[in-house]
Amino acid sequence: MITGSFDPVTSGHLDLVRRSAAMFDEVWVVILANTEKKSGLFAPDERLELVNAAIAGIPNAHAMVYGGLTSDAAEQIGASVIVRGARNATDFDYEYTLSLIMKRFAPHIETVILPTSPEYAAISSTYVRDLLKFGCDLGDAVPDGCRDRMLEIMEQKKL
């Protein structure tokens, strides 16, 4: 199980899904609908559409939106491992702390933190949101499978 806001999905996210799919029989991308934030750039259903388009070529990868605790999502789909990516030491520290919190909620669930592939280390959802907001070329920051739809959604939001 890979969790996050995926607002929006990036090439780094897709790389993490591909690498996880090579290690596990089944991978779930769980889009957490964060109720603490007012709203993201993309609505949860739009994020699900974009993630599904990005992972379409990975037969053992699936996606869903979940509005509750990560531990509850894991229980619902029967996940025993949460995979998280870390672009740098700051990300690793954050992910490590989250893994300790997860152990309190679900001691039987392990967290695996994978270092980001070097070519994606500077790509984040924040970076992609900025590219979209300012009409910049997305380059290799987003998966080809969802690029056109992402741009269509952004164009609709400008109306």
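A brief structural summary. Quick caveat, the model's predicted, so the values are computed rather than measured.

Re the overall build of the chain
A tally of regular secondary structure across the chain gives six helices and five strands. Sequence-ordered secondary structure for the chain, helices as α and strands as β, is β-α-β-α-β-α-β-α-β-α-α. For 159 residues, the compact-globule estimate of 2.2 N^0.38 gives 15 Å, and the C-alpha radius of gyration of the chain, at 15 Å, lies within 12% of that figure. For the chain, the spread of C-alpha atoms along the principal axes amounts to about 45 × 30 × 30 Å. Per-residue burial for the chain yields a buried fraction of 45% across its 159 residues. Residue pairs in contact within the chain that sit at least 24 positions apart in sequence constitute 74% of those at least 6 positions apart.

Structural notes on helix α5 (residues 125-133)
Within α5, burial applies to Ser-125, Val-128, Arg-129, Leu-131 and Leu-132. Down the axis of α5, the buried side of the element spans an arc of 160°, and every buried residue falls inside it. Those residues of α5 that are buried lie in contact with α1 (11-23) and α6 (144-158). Positive phi shows up at Gly-135, right after α5, with a value of about 65°.

Concerning the layout of surface pockets
Computed from the structure, the second largest pocket encloses a volume of approximately 190 Å³. Lining the second largest pocket are 13 residues, with Met-1, Phe-24, Glu-26, Ala-79 and Ser-80 sitting closest to its centre. Secondary structure elements with two or more residues in the lining of the second largest pocket: β2 (27-32) and β4 (81-86). When grouped by side-chain class, the residues that make up the lining of the second largest pocket number eight nonpolar, three polar and two charged.

Conventions used here
- Residues numbered from 1 in each chain as written.
- Predicted model: local features only at pLDDT ≥ 70, side-chain atom pairs only at ≥ 80, totals over all residues.
- Heavy atoms only, no water.
- Helix = DSSP H or I, 4+ residues; strand = E, 2+ residues; numbered from the N terminus.
- Rg over C-alpha atoms; globule rule 2.2 N^0.38 Å.
- Buried < 20%, exposed > 50% of the residue type's maximum accessible area, 1.4 Å probe, protein only.
- Contact = heavy atoms within 4.5 Å.
- Arc of directions from axis to C-beta.
- 1 Å grid on protein atoms, 1.4 Å probe; cavity = no way out; pocket = protein on both sides within 12 Å on 5 of 7 lines; lining within 4 Å.
- Points joined across faces, edges and corners; volume = space filled by probe spheres on them.
- Nonpolar A, V, L, I, M, F, W, Y, C, P; charged D, E, K, R; others polar.

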